[in-house]
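# Survey of secondary and tertiary structure
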Amino acid sequence: MHDIRRIREAPEAFDAMLARRGLGALSAELLSLDRRRRAAQTAFQEMQAARNALSRRIGAARGKGEDASALQAEAASMAEAIAREEAEEKRLGAELDALLATIPNWLDDAVPTGTSEADNVVLRSWGERRSFPYTPLQHFELGERLGLGSPSRARDGSPLMDFEAAARLAGARFVVLKGALARLERALGQFMLDVQTGEHGYTEVNPPLLVREAVLYGTGQLPKFREDQFETTDGRWLIPTAEVPLTNLARERVLDEAELPMRVTALTPCFRSEAGSAGRDTRGMLRQHQFMKVELVSITTPERSDAEHDRMTASAEIILQRLGLAYRVVDLCSADIGFGATRTYDLEVWLPGQGAYREISSCSNCRDFQARRMDARYRPAEGKGTRFVHTLNGSGVAVGRALIAVMETYQRADGGIDIPEVLRPYMGGLAAITP
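Definitions and cut-offs
- Residues numbered from 1 in each chain as written.
- Predicted model: local features only at pLDDT ≥ 70, side-chain atom pairs only at ≥ 80, totals over all residues.
- Heavy atoms only, no water.
- Buried < 20%, exposed > 50% of the residue type's maximum accessible area, 1.4 Å probe, protein only.
- Helix = DSSP H or I, 4+ residues; strand = E, 2+ residues; numbered from the N terminus.
- Pairing = 2+ DSSP bridges.
- Contact = heavy atoms within 4.5 Å.
- Expected span 1.5 Å × (residues − 1).
- Phe/Tyr/Trp six-rings, centres within 6.5 Å; stacked < 30°, edge-to-face > 60°.
- Lys NZ or Arg CZ within 6 Å of the ring centre and 35° of its normal.

### Thoughts on the pairing of strand β13 (residues 356–367)
Within β13, nine of the 12 residues are buried, which leaves it mostly tucked inside the rest of the structure. Two strands pair when backbone bridges link them, and strand β12 (residues 343–351) and β13 are joined in this way by nine bridges, in the antiparallel orientation. The residue bridging Tyr345 from the neighbouring strand is Cys363, located in β13.

Following this line, the structure appears as structure tokens:
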């Protein structure tokens, strides 16, 4: 949610920011609504003051034994006008809030201007992309072959990565993992949690997977992205990311500055309808309705949020480094950055089977955009009053995509997969998944 005062002060800058995002100007419409709302509010307050004065006159007249019927009739008429003006002020306020709720966050000046993801800027790269003496397979080719005719095969004779079984159970964009692959996915998630909690100071949280509508509104998924969410029959929603419940832990609270930064993490299933992804990544696990992810959330002060953004990004990078996965850090341009972010760094991991970099983590600074929607504040150690917190979120990292990257990077010529050293303790010492 935007601060309308900032738009009043700099309408041209606001429209210029929207233009960078590929959107039309909105300041004139917003400020017109704002002026009408404030005019109605002023009229309402003046009418209330007049009614209070009239009430005093009625009281004085009665005290003197005078006839106050004319004054009472005037007061009744005034009450109706006040009610109408109050209703108009609320209507205009609701209309203004509804429009503001659909407008994306104000971009940081440092965000590269662009018209598509092709204009994203690579900030740095890490690791060497593995070369193969043969054409490397994609993860789904490996997964569907794994176990056939060997002890790694699932006991029912099916592959360890089974899309056909998932389709029978739930339809497209789901997968059933079995045996060593199921354990490898679990190992990845546990490894990530251990690093983030043990080394980077994040507190592990096990949040609800179902939340109220207001919670999704608070982080910006609603109302604009309603079609991308799964709603239940009782008015609750499946979380598209643990960012939603973790960030809302600060909802409608006033924290002490000494409590900040608040850093929390969770390993949860995530649920997305992928409404706008028809025809994209239809094979394999890259884009699914249900997937596992380790989420990182920080709640901090405005003065610390940029430094916290860099810290969070580094916390995600260390996961890929420990796994030995080549990746790059990308500064998202104005056309590709998300709705709630003021600046975003994506980590893109190299997938040898695809021969391409694909997003595996997205670390965003939302500044006070979500805090305003959630009414999340803190009390400064010095000075009076309260201020909105700044919120940040990032993947630390997407578990399913990490599984894909490990499978494709550590594949062997015989179709097996070597297990990275850091994961072997989580795999009971298993060094490889054999075909």
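Having seen the model, we can carry on.
### Observations concerning helix α2 (residues 11–20)
Within α2, the full set of buried residues consists of Pro11, Phe14, Asp15, Met17, Leu18 and Arg20. Packing partners of the buried residues in α2 comprise α1 (4–9) and α3 (27–63). In the segment just after α2, Gly22 is the residue with positive phi, at about 85°.

### Regarding unusual backbone geometry
For residues that are not glycine, phi is negative in most cases, and the peptide bond is trans in most cases. Note that the residue after Leu222, namely Pro223, is joined by a cis bond; omega there is 5°. By the secondary structure assignment, Pro223 is in the loop between α8 (213–219) and β6 (230–231). Residue Val397 follows Gly396 across a cis peptide bond; omega there is 10°. Backbone geometry at Glu252 places phi at a positive 50°, although glycine is not the residue there. Residue position: Glu252 is located in the loop between α9 (243–247) and β8 (254–256). Despite not being glycine, Arg367 shows a phi value in the positive range, around 50°. Looking at the element boundaries, Arg367 is found in strand β13.

### Observations concerning helix α10 (residues 305–322)
Along its 18 residues, α10 runs 26 Å from first to last C-alpha, staying within 8% of the 26 Å computed at 1.5 Å per residue. Within the span of α10, buried status applies to Ser305, Glu308, His309, Met312, Thr313, Ser315, Ala316, Glu317, Ile318, Ile319 and Leu320. Two residues or fewer after α10 comes Gly324, characterised by a positive phi angle close to 70°.

### Considerations on the packing of aromatic side chains
As enumerated under the stated definition, the model contains seven aromatic pairs in all. Geometrically, the ring pair formed by Phe132 and Tyr134 is edge-to-face, given 5.4 Å between the ring centres and 65° between the ring planes. Overall, the relative accessible area of 24% leaves Tyr134 in the partly exposed class. With a centroid separation of 5.4 Å and an interplanar angle of 85°, the aromatic rings of Phe225 and Phe339 are classed as edge-to-face. Pair noted here: Phe225 is in the loop between α8 and β6 and Phe339 is in the loop between β11 (327–331) and β12, with a separation of 114 residues, a long-range link. Overall, Phe339 belongs to the buried group, its relative accessible area being 11%. Put simply, the rings of Phe225, Phe339 and Phe369 pair up and form one aromatic cluster. One Lys or Arg, Arg373, reaches over the ring of Tyr217 and ends 4.3 Å from the middle of that ring.

Everything listed is a geometric property; what it means functionally is a separate question.
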